[in-house]
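Coordinate analysis (summary)
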Amino acid sequence: MTRKFDQELEDRLMRYAAIDSQSDETSPSTPSTPIQFDMLNLLQQELTEIGAQDVEITGDSVVVATIPGTAEGPTVGFLAHVDTAPQFNATGVKPRVIKGYNGGEITFPDDPDLVLSPEEHPYLAEKIGHDLITASGTTLLGADDKAGVSILMTMARHLIENPDIPHGPIRIAFTPDEEIGRGVTEQLPKDLKADFAYTLDGQEVGEIEYESFSADRAVIKITGVSIHPGLAKEKMVNATHLAAKIVQTLPQATLTPEVTDGREGFIHVTDMNGGSSEMEIKLILRDFEMEGLEAQRDLVRKVCDAVQASEPRATITCDISHQYRNMRYWLEKDMTPVDLARAACRELGIEPLSVPIRGGTDGSRLTEFGTPCPNLFTGMQCIHGPLEWISVQDMALATELCLSVVTKAAQTSGNMRS
Ligand SMILES: [Zn+2]
């Protein structure tokens, strides 16, 4: 079942996955980790070598490049992110290929206890005969999103070598820091200069996503009254107790990630730090609808106010800030990019799946900032952990999908240039 892009995709992912480019939420710099330049610089060089034009690294550390059009058509952008998730070890990734998967359990050379089983992962059971790539057991793989990078590099190389394929101008962008939500700035639509775009950051074959969460973050700071515990009677106000009270008062049985799915939103306490004199609680607020998000903001503020009222000697502040918004709000006004991708997908014999993403993508922010940007599948599975795996043949389908999208985009606008 070897397709023409299989070997190139395999080689690229093996090479890119071995490069450590993990991002770091605690770092204030851009990119958050200097090691991301190992990927950014390499991609800048490789894009130049395959003959892409206008290749540069922008002020926001995004690699951008042009594949000039061979026909009239809208400018279509494609994005993938170079960073890997901070949630799991990403140093010393040793990718390996399992050729012609036999349908059995997959074990890992560096962790004998780790098993990837088709019973627990039904999607894996569908991949008999495929070439699979995994890590070695002690790290994630980083197919999220080096699969996206590999697919876009393969598409770019193929289009540049085959100028007879009709397509409009294409812009490629490789972003840093997607995993920490800082990959897309308001400047990116201006640097990308695309009429619409796609992120290659989805999972199973057929996924064409145009709905994400709307997201805010909240930081609650509690300042108690600090005094030597031996002299504390009727004087000390312990910030840890107030922090516990706030967390305990928030709804746990109805509104946390562990009890919600589908279209339900949640409030998630991500961090709680500090001591008796000062505490900080970090939360993320998620809902598919703005009214739901507004209700969550009200709830968090009310809980803070109630705990504050119970202890006037403490100071409790609650700072809520905007993260990203459901891209559907913009895309539903003009479904052209979604419709194009769906038509291209059906042409490959695959029924498109559009499930709302219980998270955000670079496309959520890019859409909000003015460039409509749905998310396309890459094949990546079990991301952000040691079981992460991907089928090379799924990546090849994603590559075919992108090629079909750019051809269709040019057809819709008609008028061959030559
Ligand atoms: Zn990703």
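Residues numbered from 1 in each chain as written. Predicted model: local features only at pLDDT ≥ 70, side-chain atom pairs only at ≥ 80, totals over all residues. Heavy atoms only, no water.

Quick notes on the packing of helix α6 (residues 239–249) against helix α7 (residues 290–310)
In plain terms, the rule: The axes are straight lines fitted to the C-alpha atoms, using for helices just the contacting stretch, and the angles between their N-to-C directions are given from 0 to 180°. Numbering of helices and strands runs from the N terminus; a helix is a DSSP stretch of H or I covering at least four residues, while a strand is a stretch of E covering at least two. Each angle receives one of four descriptions, namely roughly parallel if under 35 degrees, roughly antiparallel if over 145, roughly perpendicular if within 65 to 115, and oblique otherwise. Handedness of a crossing follows from how the near helix is turned relative to the far one, being left-handed for an anticlockwise turn of less than a right angle and right-handed for a clockwise one. Throughout, a contact is declared for two residues whenever any of their heavy atoms are within 4.5 Å.
The contact between α6 and α7 brings their axes to 10 Å, and the two run at 140 degrees. Taken together, the axes of α6 and α7 lie oblique to each other. Classified by chirality, the crossing of α7 by α6 is right-handed. Contact residues: Leu242, Lys245, Ile246 and Thr249 in α6; Val303, Cys304, Val307 and Ser310 in α7.

Remarks on the coordination of the zinc ion
Note the following rule: Think of the donor list as every N, O and S atom within 2.8 Å of the metal, or within 3.2 Å for Na, K and Ca; water never makes the list, so a site can look incomplete. Sites are called tetrahedral only when four donors show all angles between 85 and 135 degrees, square planar or octahedral only when four or six donors show opposite pairs over 155 degrees and all other angles between 65 and 115, and irregular in any remaining case. Each residue is placed in one exposure class: buried if its accessible area under a 1.4 Å probe, protein chains only, is under 20% of its type's maximum, exposed if it is over 50%, and partly exposed if it falls in between.
Only His81 (NE2), Asp144 (OD), Asp201 (OD) and Asp201 (OD) from the protein reach the zinc ion as donors, at distances of 1.9 to 2.6 Å. For the zinc ion, the four donor atoms in the first shell make angles of 53 to 148 degrees at the metal, so the coordination geometry reads as irregular. Each donor residue of the zinc ion lies on the same chain, and together they follow the pattern H-x62-D-x56-D. Placement of the pair is His81 in strand β3 (residues 76–81) and Asp144 in helix α4 (residues 143–161), with a sequence separation of 63 residues. Classification of Asp144 by relative accessible area gives buried; the value is 5%.

So, the packing of aromatic side chains
To describe a pair of aromatic rings, one takes the distance between the centres and the angle between the planes. Rule in force here: Centre distance within 6.5 Å is the pairing criterion for rings of Phe, Tyr and Trp, where only the six-membered ring of Trp is used; planes under 30 degrees apart are then read as stacked, over 60 as edge-to-face, and the remainder as tilted. Put simply, a charge is over a ring when the Lys NZ or the Arg CZ is close to the ring centre, within 6 Å, and near the line of the ring normal, within 35 degrees.
All chains considered together, the criterion is met by six aromatic pairs. For the ring pair Phe196 and Tyr198, a centre distance of 6.0 Å and an interplane angle of 90 degrees mean the geometry is edge-to-face. Side by side, Phe196 and Tyr198 carry an identical accessibility label, which is buried. Of the aromatic side chains, those joined through ring pairs into one cluster are Phe78, Phe196 and Tyr198. Over the aromatic face of Phe108 sits the side chain of Arg96, whose NZ or CZ is 5.1 Å from the ring centroid. Above the plane of the ring of Phe288 lies Arg263, whose end atom (NZ or CZ) is 5.8 Å from the centre.

Examining helix α2 (residues 36–49)
As a reminder of what qualifies: Expected span, for any helix, means 1.5 Å times one less than how many residues it has. Within this analysis, the arc is defined by the directions that extend from the helix axis to the C-beta atoms.
If you check α2, its first and last C-alpha atoms are 20 Å apart, about what 14 residues at 1.5 Å a residue would give, namely 20 Å. Among the residues of α2, those classed as buried are Gln36, Met39, Leu40, Leu42, Leu43, Glu46 and Leu47. The buried residues of α2 occupy an angular sector of 165 degrees when projected down its axis, which confines them to one face. Looking at the buried residues of α2, the elements they touch are α1 (6–17), β1 (53–57), β2 (63–67), α4 and β8 (170–175). Taken from the residues just after α2, Gly51 is the one with a positive phi, measuring 95 degrees.

Topic: the sheet that holds strand β16 (residues 389–391)
Worth spelling out the cut-off: Two strands make a pair as long as DSSP finds a minimum of two bridges between them.
The strand order across the open sheet formed by three strands is β4-β7-β16, and the pairing between neighbours is antiparallel. A strand with exactly one partner marks an edge of an open sheet, and here the two such strands are β4 (96–98) and β16. When strand polarity is set aside, the average angle formed by the axes of neighbouring strands in this sheet is 25 degrees. The pairing of β4 with strand β7 (residues 132–134) spans three bridges and is antiparallel. Along β7, the bridge assignment pairs Arg96 with Thr134.

Things to note about the nonpolar core
As a reminder, the rule being used: The nonpolar core is taken to be a set of buried Ala, Val, Leu, Ile, Met, Phe, Trp, Tyr and Cys residues, with the residues joined through side-chain atoms within 4.5 Å.
If you look at the biggest cluster of nonpolar residues, it comprises 78 residues, and the most contacted ones within it are Phe78, Met155, Phe174, Tyr198 and Ile390. Among the elements that line this core, the one with the most residues is helix α11 (residues 392–413), at 11 residues. Apart from the residues lying within four places of it in its own chain, the contact partners of Met155 are Phe78, Ile170, Ile172, Thr399, Cys402 and Leu403.

Digging into α7
Counted at 1.5 Å a residue, the expected span for α7 with its 21 residues is 30 Å, and the 30 Å between its end C-alpha atoms agrees. Within the span of α7, buried status applies to Leu293, Gln296, Arg297, Val300, Val303, Cys304 and Val307. When α7 is viewed along its axis, its buried side chains cluster within an angular range of 125 degrees and face the same direction. Away from its buried face, by an angle of more than 90 degrees, α7 presents the exposed residues Glu291, Lys302, Asp305 and Ala309.

What about the pattern of salt bridges?
Keep this limit in mind: Think of a salt bridge as a Lys or Arg side-chain nitrogen and an Asp or Glu carboxyl oxygen that are within 4 Å of each other.
In the structure shown here, the tally under the stated rule is 19 salt bridges. Its salt-bridge partner being Glu161, residue Arg157 comes within 2.9 Å of it at the nearest N-O pair. Here Arg157 and its partner Glu161 are both found in helix α4, four residues apart, which amounts to about one turn of the helix. Take Arg157: its relative accessible area is 16%, and that puts it in the buried class. We note a salt bridge from Glu347 to Lys408, for which the minimum N-O separation is 2.9 Å. One end of the pair, Glu347, is in helix α9 (residues 336–347); the other, Lys408, is in helix α11, and 61 residues separate them in sequence. Residue Glu347 is classed as exposed on the basis of its relative accessible area, which comes to 56%. Through salt bridges that share partners, Glu8, Arg12, Arg15, Glu46, Arg157 and Glu161 make up one connected network.

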